[in-house]
Amino acid sequence: MDAPRFSADAFRQRALSQNGSPVEDAAREHGDHLLNPTLVDYASGLKLRDAAVLVPVVDDGDDARVILTQRTATLRKHSGQIAFPGGAIDPEDGSPEQAALREAEEEIGLVPHFVDTVGRLPTYYTTTGFRITPVLSVVRPGFDLKPNPTEVHEVFEVPLSFLMDEANHQRSSRIFEGTERHFYLMPFEERNIWGVTAGILRTMYERLYA
């Protein structure tokens, strides 16, 4: 019997057998990179720093939930925005997976013991100078989160079924350095998920659920 569509088990299976080109070749094919054909070339011309984010899907019955954070308003980049736990890959990390797990523990107290990494999404390029590897993961129940107040204002969860429903994916645009940039919005309750996080979620939808 197949696992319910939005359960953690189904997510794990889909992460291991994604749609589309191999992850390493698919940066231009998904999300807001597809909406902005020149974005990858533009970002590649910047001095980029490698980073990783953890996409933590909590095993919560038939409808898994995704852990997200709201960054503090005092951070230098992406302040106040909704984000996955993550950050720059340090030389001692060894891999994007290790970096994402380390950052998640530092930012929200998510102990790696509870986390199984199950795959990656294509690289996400930002116009603020980061080349991000999204690391897909399943989180077992029993964890206790402790947000780091210097980086994280709040931690919350959103049903996977909501985030993977195309009806909740709005599109908008704004002018950035003289060029119109298109992006996704996913309003949830009083919060507005957009930018990098919405772009990664849209890519996840296209590769795992479309």
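Residues numbered from 1 in each chain as written. Predicted model: local features only at pLDDT ≥ 70, side-chain atom pairs only at ≥ 80, totals over all residues. Heavy atoms only, no water.

If you check an unreviewed UniProt entry, the protein chain appears there as CoA pyrophosphatase from Rhizobium deserti.

Notes on helix α1 (residues 8-16)
Considered for burial, the residues of α1 that qualify are A8, A10, F11 and A15. Down the axis of α1, the smallest arc covering the buried residues is 155 degrees, so these residues share one side. As for α1, its buried residues are in contact with β1 (49-58), β5 (115-120), β7 (130-139), α5 (160-163) and α6 (195-209). (Buried < 20%, exposed > 50% of the residue type's maximum accessible area, 1.4 Å probe, protein only. Helix = DSSP H or I, 4+ residues; strand = E, 2+ residues; numbered from the N terminus. Arc of directions from axis to C-beta. Contact = heavy atoms within 4.5 Å.)

Concerning the pattern of salt bridges
Scanning the entire structure with this criterion turns up 15 salt bridges. For R102, the salt bridge identified is with D93, shortest N-O distance 2.7 Å. Given a relative accessible area of 18%, R102 falls into the buried group. Notably, a salt bridge pairs R191 with E154, separated by 2.8 Å at the nearest N-O pair. With R191 in strand β11 (residues 191-194) and E154 in strand β8 (residues 152-159), the pair connects residues that are 37 residues apart, well separated along the chain. For R191, a relative accessible area of 12% puts it in the buried group. Counted as one network, the salt bridges with shared partners bring together R49, D90, D93, R102, E103 and E106. (Salt bridge = Lys/Arg side-chain N within 4 Å of Asp/Glu carboxyl O.)

Concerning the sheet that holds strand β10 (residues 179-188)
Strand pairs in the sheet, formed through backbone hydrogen bonds, run parallel or antiparallel to each other. Ordered in space as β9-β10-β11, the three strands form an open sheet in which the pairing is antiparallel. Two strands in the sheet have a free side with no partner beyond their single neighbour: β9 (170-176) and β11. Across this sheet, the average inter-strand angle for adjacent strands is 40 degrees, counted without regard to direction. Pairing geometry for β9 and β10, over seven bridges, is antiparallel. Each bridged residue has a counterpart across the sheet, and for F176 the counterpart in β10 is T179. (Pairing = 2+ DSSP bridges. Axes fitted to C-alpha atoms, helices over the stretch in contact; angles between N-to-C directions.)

Considerations on the nonpolar core
Residues F11, L136, L160, L163, M164, I193 and M204 are the most contacted members of the largest nonpolar core, which totals 38 residues. Listed by contribution, the elements that provide at least two residues to this core are α1, β1, β2 (65-71), β7, β8, α5, β10 and α6. Looking at this core, the element that brings in the most residues is α6, giving eight residues. Within the second largest apolar cluster, 16 residues are counted, among which are A99, A100, A104 and V115. (Core = buried A, V, L, I, M, F, W, Y, C linked by side-chain atoms within 4.5 Å.)

With respect to the environment of E190
Mapped onto the fold, E190 is located in the loop between β10 and β11. The class of E190 is exposed, set by a relative accessible area of 62%. Residues E190 and L48 lie 142 residues apart in sequence; the distance between their C-alpha atoms is 33 Å.

What about the environment of T128?
Considering the arrangement of structural elements, one finds T128 in the loop between β6 (124-125) and β7. Separated by 107 residues in the primary sequence, T128 and S21 place their C-alpha atoms 26 Å from one another. Of note is the side chain of T128, whose polar atom sits 3.0 Å from the side chain of T126. (Polar contact = N/O pair within 3.5 Å; in protein donor to acceptor, adjacent residues only side chain to side chain.)

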